Amino acid sequence: MGRAGLVFCVLGQSSREGCGVDPIMFGSLIKGLYALKQIGLAGKVNPSLYSGSTDLRIFTEWTSEKGMGCYNTLCQGFVLANVSGAPVPGEKVSPLSTFNGKDYFITLSIKKDEKTQDWSLYRDDNSNQILIGWWPKSLFNNTFDYATTIAWAGSVMYRKNETSPRMGSGHAACEGANKAAYISNIKVYDKFGQTGDPDETEVREFTDRDDCFTTCGFTFSQGIGYNFYYGGPSGCIN
């Protein structure tokens, strides 16, 4: 299986070089103190899981320190809140942005609930924050107290000796707005549950196939905050 990806990450108490995460999507990932303990949120196309469908879907995922885990609600793990207006993991995303046309977006956030100590997923682009669901603390043996690494990533996967699909819109990152895919309004939660901008001095970039896929840097732009564009065409060879 081939894989190509790019990651921007914020390193906290992790001392290892690079991001120390495995990009398997575009979206965000929160990594705990132990190597396999992580939760993730993504927009993903996964034909093998959905009978050949190439629809874009919202994915949640988790992995415990024992290597256990799964996507969405395919096993016991992520708990749906069943609140009106909340996107359901596994459902297809619609409408989609069009190249050089109308742009659609959704704002999602992950934070630890101060009372329950569970990790909660919210929709934040409406006037009121909507709880989508949560990862119970029991999934991680009650020891996932804080994140050591937070990552925002784009990635593609493809079989050995085959060529890759496109990443994002299929256009190079520096083509910019209305052309390339992007992640914007990037914020981080502190230990008090307050949001703030990431520390630029702590942000690292990793791209494993810059001959195929690119970013245009981690930047701050008026109106969309910290952001990055990413992507590239199909045809990358493993």
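One structure accompanies this document, and this report is about it.

Parameters at a glance
Residues numbered from 1 in each chain as written. Predicted model: local features only at pLDDT ≥ 70, side-chain atom pairs only at ≥ 80, totals over all residues. Heavy atoms only, no water. Helix = DSSP H or I, 4+ residues; strand = E, 2+ residues; numbered from the N terminus. Buried < 20%, exposed > 50% of the residue type's maximum accessible area, 1.4 Å probe, protein only.

Glancing now at unusual backbone geometry. Between serine 94 and proline 95 the backbone carries a cis peptide bond, its omega angle lying at 0°. Following the sequence through the fold, proline 95 ends up in the loop between strand E6 (79-80) and strand E7 (108-112). The phi torsion at glutamine 117 lies on the positive side, around 70°, for a residue other than glycine. Relative to the assigned elements, glutamine 117 resides in the loop between E7 and strand E8 (119-123). You can call glutamine 117 partly exposed: its relative accessible area is 31%.

So, about the environment of phenylalanine 228. The residue phenylalanine 228 is located in strand E17 (residues 225-231) in this model. Among the residues examined, phenylalanine 228 registers a relative accessible area of 0% and is labelled buried. C-alpha of phenylalanine 228 to C-alpha of cysteine 216: the two residues are 12 residues apart in sequence and 6.4 Å apart in space.

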